[in-house]
Amino acid sequence: MKKVLHKIMSFAMAVVVLFSTMSFTVDMHFCGDILVEAAIFHKAKGCGMEMQKPSTEGCTLTKKNCCDNEKLVVDGQNELQQQVDHISFDQQVFIASFVYTYLNLFEGLDNNVSSYEEYEPPLVFRQIFKLDETYLI
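The paragraphs below set out a description of the structure included in this document. What you see is a predicted model, and the numbers here were worked out from it, not measured in a lab. (Residues numbered from 1 in each chain as written. Predicted model: local features only at pLDDT ≥ 70, side-chain atom pairs only at ≥ 80, totals over all residues. Heavy atoms only, no water.)

**Quick word on the overall build of the protein**
For the protein, the helix and strand inventory stands at three helices and three strands. Every one of the 137 residues in the protein was classed for burial, and the buried ones make up 9%. The long-range share in the protein, meaning contacts at least 24 apart out of those at least 6 apart in sequence, stands at 52%. Surface accessibility of the protein: about 13,600 Å² in total, with carbon and sulfur atoms responsible for 60%. (Helix = DSSP H or I, 4+ residues; strand = E, 2+ residues; numbered from the N terminus. Buried < 20%, exposed > 50% of the residue type's maximum accessible area, 1.4 Å probe, protein only. Contact = heavy atoms within 4.5 Å. Areas by Shrake-Rupley, 256 points an atom, 1.4 Å probe, with all protein chains shown as cover.)

See below:
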């Protein structure tokens, strides 16, 4: 049980380290104020209503584009703290309570206790199923 718990904790820590250091980009395409498409790790395709660049020869008015692209960049942590020099009292309380509740979460019964071991079924003094039978003639 402790080996399994150790593997689960190691996997959980690896996932936390992976997601805290990973950077990614969310690309969003809006038509007016409505989000049409959002894409992670690549550019959003769009709705197909983007305006082409007009030729400005002899034209001084340009129409404003109703579509808009926004990019949200989430930067991961570049430097990891390899060792802990100082842990505050609040952090110690959190770690102690987390470990205590996590270990007790998987605590099971030592032996399988059955509440039906000493149960005796009632004695059958009449055959009840024969009383309820119906015959079609």
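**What to know about the packing of aromatic side chains**
Two aromatic rings are characterised by how far apart their centres lie and by the angle between their planes. Under the defined criterion, the tally for this structure stands at two aromatic pairs. Chaining the aromatic ring pairs together yields one cluster made of Phe-94, Phe-98 and Tyr-102. (Phe/Tyr/Trp six-rings, centres within 6.5 Å; stacked < 30°, edge-to-face > 60°.)

**A look at the packing of helix H1 (residues 2-21) against helix H2 (residues 89-105)**
Between H1 and H2, whose axes approach to 12 Å, the crossing angle comes to 130°. With respect to H2, the element H1 is oriented oblique. By crossing handedness, the relation of H1 to H2 is classed as right-handed. Every residue of H2 that contacts H1 at Leu-5, Ile-8 and Met-9 is listed here: Phe-98, Tyr-102 and Leu-103. (Axes fitted to C-alpha atoms, helices over the stretch in contact; angles between N-to-C directions. Parallel < 35°, antiparallel > 145°, perpendicular 65-115°, else oblique. Left-handed = near helix turned anticlockwise from the far one by under 90°.)

**Notes on the side chain of Asp-27**
With respect to the element layout, Asp-27 can be found in strand S1 (residues 24-31). Buried and unpaired, Asp-27 has Lys-71 as its nearest opposite-charge partner, separated by 5.3 Å. (Lys, Arg positive; Asp, Glu negative; His and termini not counted. Salt bridge = Lys/Arg side-chain N within 4 Å of Asp/Glu carboxyl O.)

**Structural notes on the pairing of strand S2 (residues 34-40)**
On any regular strand, side chains alternate: one points to one face of the sheet, the next to the other face. Relative to S2, S1 runs antiparallel, the two sharing six bridges. Of the residues in S2, the one forming a bridge with Met-28 is Ala-38. Counting the residues in the hairpin turn of S1 and S2 gives two residues, including Gly-32, whose phi is positive at 70°. (Pairing = 2+ DSSP bridges.)

**Quick look at the pairing of S1**
Burial runs high along S1: six of the eight residues are buried. Of the strand pairs in this sheet, S1 and strand S3 (residues 67-74) are connected by eight bridges, and their pairing is antiparallel. Of the residues in S3, the one forming a bridge with Cys-31 is Cys-67.

**Notes on a nonpolar patch on the surface**
Side chains of Ile-87, Phe-94, Ile-95, Phe-98, Val-99 and Leu-103 sit close together on the surface and give an oily, nonpolar patch of about 530 Å² of accessible area. Its location among the elements puts Val-99 in helix H2. (Patch = residues over 30% accessible without salt bridge, like charges linked within 9 Å, V, L, I, M, F, W, Y side chains within 5 Å.)

**What about the sheet that holds S2?**
Taken in spatial order, the three strands make up an open sheet running S2-S1-S3, and their pairing is antiparallel. A single partner strand is all that each edge strand has here, and the edge strands are S2 and S3. Geometrically, the sheet is characterised by an average inter-axis angle of 20° between neighbouring strands, direction not taken into account.

**Comments concerning the side chain of His-29**
Within the secondary structure, His-29 sits in strand S1. Of the residues examined, His-29 reaches a relative accessible area of 1% and is grouped as buried. Side-chain polar atoms of His-29 contact the side chain of Asn-69, separated by 2.6 Å. (Polar contact = N/O pair within 3.5 Å; in protein donor to acceptor, adjacent residues only side chain to side chain.)

**A word on the state of the cysteines**
If you walk through the whole model with that rule in mind, you get zero disulfides. Take Cys-67: it sits in no disulfide, and the sulfur closest to it among the cysteines is that of Cys-31, at 3.3 Å. Using a relative accessible area of 9% as the deciding quantity, one classes Cys-67 as buried. (Disulfide = S-S within 2.5 Å.)

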